[in-house]
Amino acid sequence: MSEISKAINCFTRKWSVLFPSVYILCGISVSDRPDEMVKFLEDFKVCTQEVTELRFLLHGPVGAGKSSTFNIIKNVFEGRQFVKCLASSENSSGTSPSLHVKLPFAFYDVMGLEKEQRRGCTLMTSSNKCYVSKPSLNDQIHCLVSVIPADKIGIMDGEVIRKLKIIRDQARIPQKLFMTKVDKACIRTKKDLTMIYQSKKIKEKMTECSDLLGIPINCIFPVKNYHEETEMNEMINSLMLSALIHTVHSANDYVKRSASRLLSF
Ligand SMILES: Nc1nc2c(ncn2[C@@H]2O[C@H](COP(=O)(O)OP(=O)(O)OP(=O)(O)O)[C@@H](O)[C@H]2O)c(=O)[nH]1
Ligand SMILES: [Mg+2]
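Residues numbered from 1 in each chain as written. Chains lettered and ligands numbered in written order. Predicted model: local features only at pLDDT ≥ 70, side-chain atom pairs only at ≥ 80, totals over all residues.

Q: Tell me about the overall build of the protein chain, and please be specific about residues and values.
A: The helix and strand tally for the protein chain stands at nine helices and five strands. When the helices and strands of the protein chain are placed in sequence order, the string is α-α-α-β-α-β-β-α-β-α-α-α-β-α. Considering the protein chain as a whole, with its 265 residues, one finds that 36% of them fall into the buried category. In the protein chain, 77% of the contacts between residues at least 6 apart in sequence involve partners at least 24 apart. (Helix = DSSP H or I, 4+ residues; strand = E, 2+ residues; numbered from the N terminus. Buried ≥ 20, exposed ≤ 12 C-beta atoms within 10 Å, placed from the backbone. Contact = placed C-beta atoms within 7 Å.)

Following this line, the structure appears as structure tokens:
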């Protein structure tokens, strides 16, 4: 049995005790093998032809790991050796280009939220030529992904939390939370990522995240991004891919609901 299979087995055994809701509600059958998850996502078809791809917006505090998340997904699907191209150092806030790999979904990586916005943050108005006054279902974002670093949850600035909540409240679309930097929050997990689902520290951080931002715990996914690694790691990829599969399902369900609502008008 591979290390990942063992870890997923622990997931079903231990998390059914630690997190009954996660175990039950995340009951979508997700393979533990990264190659099977990649294949599933590559073959995934959006429920309606009106929507060419499911769109996800990554938002969160500066340095949370948004670009790194985007990088893992890009690299996993391009099947390349890990190349650190977009994530730079801490507090490197800037808007990364939204790269599209040929997949039924696209990620939009935006500038990190700060207590005081330094630059580039103005509301787009109808005078802007890029402004779409009546966005179609295909123009919209279908899932909001909050990216929060596990090691900073307790010390996040109140103003940043307030901004995150406003965005969440106004978005009115499905929402997921990717809790990054699990290695910085738990030494045991840092030493062996397969221990992630047995870590009480990680469980505490997820609960803290849920309480702070009002996101149900079954929508929170602990992940680790590449940071010091020089080679691909199956467990890192598996965690991210399973978070991604849940996000894809959620966005697709939203599109299905919205499309049928439009039809009934
Ligand atoms: N140890 C560890 N470091 C991480 C993880 N995710 C990201 N980092 C590091 O954190 C730093 C910031 O990551 P980014 O991906 O650039 O964060 P960001 O949210 O895009 O930052 P801004 O665009 O500046 O808002 C980089 O040095 C990353 O390598 C993680 O899971 N674990
Ligand atoms: Mg970034």
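Q: Hey, could you go over the pairing of strand β2 (residues 105–109) for me, with residue numbers and the actual values?
A: Of the two faces of β2, only one is covered, namely that formed by Phe-105, Phe-107 and Asp-109; the face formed by Ala-106 and Tyr-108 stays uncovered. Pairing between strand β1 (residues 54–59) and β2: five bridges, direction parallel. Each residue of the ladder has a partner; that of Arg-55, found in β2, is Ala-106. (Pairing = 2+ DSSP bridges.)

Q: Explain unusual backbone geometry to me, and be specific about the residues and the numbers.
A: Positioned with a positive phi, Arg-172 is a non-glycine residue whose angle comes to about 50 degrees. What makes Arg-172 exposed here is the crowd of 9 C-beta atoms within 10 Å. Not every positive phi belongs to a glycine, and Lys-181 is a case in point at roughly 55 degrees. Take Lys-181: it is sitting in the loop between β4 (175–180) and α6 (182–185). Residue class for Lys-181 comes out buried when judged on the 25 C-beta atoms lying within 10 Å of it.

Q: So what's going on with the packing of helix α4 (residues 66–78) against helix α9 (residues 234–263)? Which residues, and what values?
A: The contact between α4 and α9 brings their axes to 10 Å, and the two run at 100 degrees. Our classification of the angle between α4 and α9 gives roughly perpendicular. Only Ile-236, Asn-237, Met-240, Leu-241 and Leu-244 of α9 make contact with α4, whose side of the interface consists of Ile-72, Ile-73 and Val-76. Here the residues of the contact of α4 with α9 are counted per class, giving seven nonpolar, one polar and no charged. (Axes fitted to C-alpha atoms, helices over the stretch in contact; angles between N-to-C directions. Parallel < 35°, antiparallel > 145°, perpendicular 65-115°, else oblique. Nonpolar A, V, L, I, M, F, W, Y, C, P; charged D, E, K, R; others polar.)

Q: Give a description of the packing of helix α3 (residues 34–43) against α9 that names residues and reports values.
A: Two elements in contact, α3 and α9, have axes whose closest approach is 9 Å; the angle formed by their N-to-C orientations is 30 degrees. As judged from the angle between their axes, α3 and α9 are roughly parallel. Helix-helix and strand crossings are classified by hand; for α3 and α9 the assignment is left-handed. Along its contact with α3, which presents Pro-34, Met-37, Val-38, Phe-40 and Leu-41, the element α9 presents Glu-234, Asn-237, Ser-238, Leu-241, Ser-242, Leu-244, Ile-245 and Val-248. Tallied by class, the residues present in the contact of α3 with α9 amount to nine nonpolar, three polar and one charged. (Left-handed = near helix turned anticlockwise from the far one by under 90°.)

Function-wise, these values are silent; they only describe arrangement.
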